[in-house]
Amino acid sequence: MTDAAAAERVAAAFADSFGQQSEGVWAAPGRVNVIGEHTDYNGGFVLPVALPHTIRAAVARRDDGLLVLASAQHLGARAEVAVADLEPGRPEGWAGYPAGVVHALAGRVPGGLSILVDGDVPSGAGLSSSAALSCSVALAVRDLLDLDLDADALIDVARRAENDFVGAPTGALDQSASVLCTAGHALFLDTRDGTREQVPLDLAAAGLALLVIDTGTTHDHAEGGYRDRRRECERAAERLGVDLLREIEDVAALDPLADGSDEGDVLLRRARHVVTEDARVLQVVATLRGDADPRVIGPVLTAGHESLRDDFEISVPLVDACVEAALAAGAHGARMVGGGFGGSVVALIEAGAADDITGAVTERFAREQHRAPRTFVVIPSAGARRLA
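To start, this report covers the structure provided alongside it. Per chain, residues are indexed from 1 in the order of the written sequence. Residues qualify for local features only when their pLDDT is at least 70, as the model is predicted, and side-chain atom pairs are given and counted only at 80 or more; totals for whole chains, interfaces and linings, by contrast, use all residues. With hydrogens and water set aside, each side-chain value is computed from the structure's full complement of heavy atoms.

1. Thoughts on the overall build of the protein
Helix and strand definitions here come from DSSP, where helices need a minimum of 4 consecutive H or I residues and strands a minimum of 2 consecutive E residues; each element is numbered from the N-terminal end. Each helix and strand counted, the protein has ten helices and twelve strands in total. Its C-alpha atoms give the protein principal-axis dimensions of roughly 60 × 50 × 40 Å. Within the protein, the fraction of its 388 residues that count as buried is 57%. For the protein, the accessible area works out to roughly 15,000 Å², and carbon and sulfur atoms hold 47% of it. Two residue types count as positive, namely Lys and Arg, and two as negative, namely Asp and Glu; His and chain ends fall outside the count. Positions of charges follow a simple convention, taking NZ of Lys, CZ of Arg, CG of Asp or CD of Glu. Treating the 34 positive side-chain charges of the protein as one cloud and the 58 negative ones as another, the clouds have centres 2 Å apart. The cut-offs for exposure are 20% and 50% of the maximum accessible area for each residue type, with area from a 1.4 Å probe on protein chains only; residues under the lower value are buried, those over the upper are exposed, and the others partly exposed. Accessible surface area values rest on a Shrake-Rupley calculation with a 1.4 Å probe, where residue burial reflects the displayed protein chains alone.

Right, here's the structure in full:
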């Protein structure tokens, strides 16, 4: 869907829901990582691209002090609460994300807001639909109320909406990708100091493509598994005497964790994933900056999946089956993406091989008695923006 068509659709839905015209429409994309999973909250490196899929927000000001939220995806669902009464967990569900943005801007939303959201980022697929939602609303509120917020401040507002209001303990990767990515590039981001570089990513010129495979198994960042991994990383860093695992550059430096205890074994594997994943990001970025055939990053992606599966222990059997089927059908590399415990796989493939690989995965899923996956080729797209 074009930006113009998307803006027209959400503006019409807003008019139907609220009986008035919106004052503008804003959009923010989902993201998929080329490489760099669970490194962001450890101060490490990430390399995401923005998807062409976005969450759109149509917004208008109110004068009654209320925040009223509606969703084109949840027909009939409506949340209404006084801006002054917003508190973590109220409202719940999808409405918590835009409410969390307004809560993070407490005192700067004087009269209230009407917000309707629409979008096509698959929910629960590890493609950051929640960050897209938070970022689209953050950008809308900033522009509509003429707030002095730069890109980094917007990212922080959206992150706080997820962390503090909804209770999802994410790092800033998803929000950073949604705000900062540019078309035709991957975002090389150092999450410790915020430095970033737009790395050209024109796989089509090399006869390649990135294929996203949504397995249909959903996950939720606010659930316990993601939170547990974050705590384990913090505990490993504490045991090693560093503030962040990013400070460890050599797996040999993790040896003190191998103390023979069950906890030590778990912390060693968690930390090993982070240290080796940071190295994989740097390896992929170096390849993309140079003249090497991008196909050589394929095994790096697969190694990332193996680390997430074995050391971080956040994959699930269906996701592993998807990776195996894609590789067997000719993918140069494949790995799970997102927070884990379900979601999507990204595969580096020959440009004309999407149908063959989709067919192979679909056949494997049928043997696993699971419905066919949704697939699409990734086009590195623009970050958050105003549509109308």
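Once the structure has been displayed, the description carries forward.
2. Notes on the sheet that holds strand β8 (residues 208-217)
DSSP bridges decide pairing: two strands pair if at least two such bridges lie between them. Strand order in the open sheet formed by four strands is β9-β10-β8-β11, with antiparallel pairing between adjacent strands. Two strands bound the open sheet, and with one partner strand each, they are β9 (333-337) and β11 (374-377). Going across the sheet, the axis of each strand differs from the next one's by a mean of 20°, ignoring polarity. Strand direction decides the pairing type here: β9 and strand β10 (residues 343-350), joined by five bridges, are antiparallel. Bridge pairing links Ala334 to Ala347 in β10. In this description, contact between two residues means that some pair of their heavy atoms is separated by no more than 4.5 Å. Between N-to-C directions, angles span 0 to 180 degrees; the directions come from axes that are lines fitted to C-alpha atoms, helices contributing only their stretch in contact. Its contacts with the sheet place helix α8 (residues 298-310) against β9 and β10, and it is angled at close to 40° to β9.

3. With respect to the nonpolar core
As used here, the term nonpolar core means buried Ala, Val, Leu, Ile, Met, Phe, Trp, Tyr and Cys residues forming a set that is joined through side-chain atoms within 4.5 Å. Counting 67 residues, the largest nonpolar core has Val32, Val34, Leu47, Leu67, Leu113, Ile115 and Leu127 as its most contacted members. Sort the elements by how many residues they give to this core and helix α3 (residues 129-145) lands first, with nine residues. In contact with Leu67, not counting residues within four places along its chain, are Ala79, Glu80, Val81, Val83, Leu86, Ala99, Val102, Leu113 and Ile115. Ala236, Ala271, Leu308 and Ala353 belong to the second-largest nonpolar core, a separate cluster that totals 40 residues.

4. So, the pairing of β9
Burial within β9 is extensive, with five of its five residues counted as buried. Here β9 hands over to β10 after five residues, with Gly338 in that stretch at a positive phi of 90°.

5. Regarding the pattern of salt bridges
Two side chains that carry opposite charge are able to pair once their charged atoms sit near each other. By definition here, a salt bridge exists when the distance from a side-chain nitrogen of Lys or Arg to a carboxyl oxygen of Asp or Glu is within 4 Å. A full pass over the atoms with the stated rule returns 33 salt bridges. Of the charged contacts in the structure, one is a salt bridge between Arg280 and Glu277, with a shortest N-O distance of 2.8 Å. With Arg280 and Glu277 both in helix α7 (residues 262-289) and three residues apart, this pair spans about one turn of that helix. The exposure class assigned to Glu277 is buried, which follows from its relative accessible area of 0%. In this structure, a network of salt bridges that share partners links the residues Arg229, Glu232, Asp265, Arg269, Arg270 and Glu313.

6. Some words on helix α5 (residues 173-180)
The element α5 is extensively covered by neighbouring structure, given that eight of its eight residues are classed as buried. Within the span of α5, buried status applies to Leu173, Asp174, Gln175, Ser176, Ala177, Ser178, Val179 and Leu180. Turning to α5, the residues buried within the fold contact β1 (24-35), β2 (45-61), α3, α4 (151-166), β6 (185-190) and β7 (196-200).

7. Examining the environment of Asp243
Examined against the element boundaries, Asp243 turns out to sit in the loop between α6 (224-240) and α7. Along the primary structure Asp243 and Arg227 are separated by 16 residues, whereas in three dimensions their C-alpha atoms are 18 Å apart.

8. Side note on the side chain of Thr358
Structurally, the position occupied by Thr358 is in helix α10 (residues 354-367). Non-local contacts of Thr358, meaning those with residues more than four positions away in its chain, are made with Leu211 and Thr375.

9. Some thoughts on the environment of Ala286
Tracing the backbone shows Ala286 in helix α7. Spatially, the C-alpha atoms of Ala286 and Val199 are 9.8 Å apart, while their sequence positions differ by 87 residues.

10. Digging into empty space enclosed by the protein
A water-sized probe, rolled over the atoms, reveals where empty space remains. Only protein atoms enter the calculation, which uses a 1 Å grid: trapped sets of points that fit a 1.4 Å probe without letting it out are cavities, open sets showing protein on both sides within 12 Å along at least five of seven lines are pockets, and any residue with an atom within 4 Å of a point is a lining residue. Grid points are joined across faces, edges and corners, and a volume is the space filled by probe spheres set on the points. Tallied over the full model, the rule gives one cavity of 30 Å³ or more. By volume, the largest cavity is sized at about 90 Å³. Lining the largest cavity are 13 residues; nearest its centre among them are Arg31, Asp40, Leu173, Asp174 and Tyr226. For this classification, the nonpolar set comprises Ala, Val, Leu, Ile, Met, Phe, Trp, Tyr, Cys and Pro, the charged set comprises Asp, Glu, Lys and Arg, and every other residue, Gly included, is treated as polar. For the lining of the largest cavity, the class distribution of residues is three nonpolar, six polar and four charged.

11. Quick look at the side chain of Asp311
Looking at the secondary structure, you find Asp311 in the loop between α8 and α9 (317-328). Residue Asp311 is classed as buried on the basis of its relative accessible area, which comes to 11%. For Asp311, the side chain forms a polar contact with the side chain of Arg272, separated by 2.8 Å. Residues contacting Asp311, with those up to four places away along its chain left out, are Arg269, Arg270, Arg272, His273 and Glu306. Polar contact criterion, stated in full: a pair of N or O atoms within 3.5 Å, where within protein one must be able to donate a hydrogen and the other to accept it, and residues adjacent in sequence count only if both atoms are side-chain atoms.

12. A closer look at the packing of aromatic side chains
Ring pairs are drawn from Phe, Tyr and Trp, using the six-membered ring of Trp, whenever the two centres fall within 6.5 Å, and their geometry is named by plane angle: stacked under 30 degrees, edge-to-face over 60, tilted for the rest. In this structure the tally under the stated criterion is three aromatic pairs. Ring centres of Phe14 and Phe18 lie 4.6 Å apart, and the angle between their planes is 40°; this geometry places the pair in the tilted category. Of the two residues, Phe14 and Phe18 are both situated in helix α1 (residues 3-18); the distance of four residues between them amounts to about one turn of the helix. Comparing Phe14 with Phe18, the two get one shared label, buried.

13. Section: the pairing of β8
Counted residue by residue, β8 has nine buried out of ten residues, so it is predominantly covered. As judged from the four bridges shared by β8 and β11, these two strands associate in the antiparallel manner. Considered in β11, the bridge of Leu211 is made with Val377.

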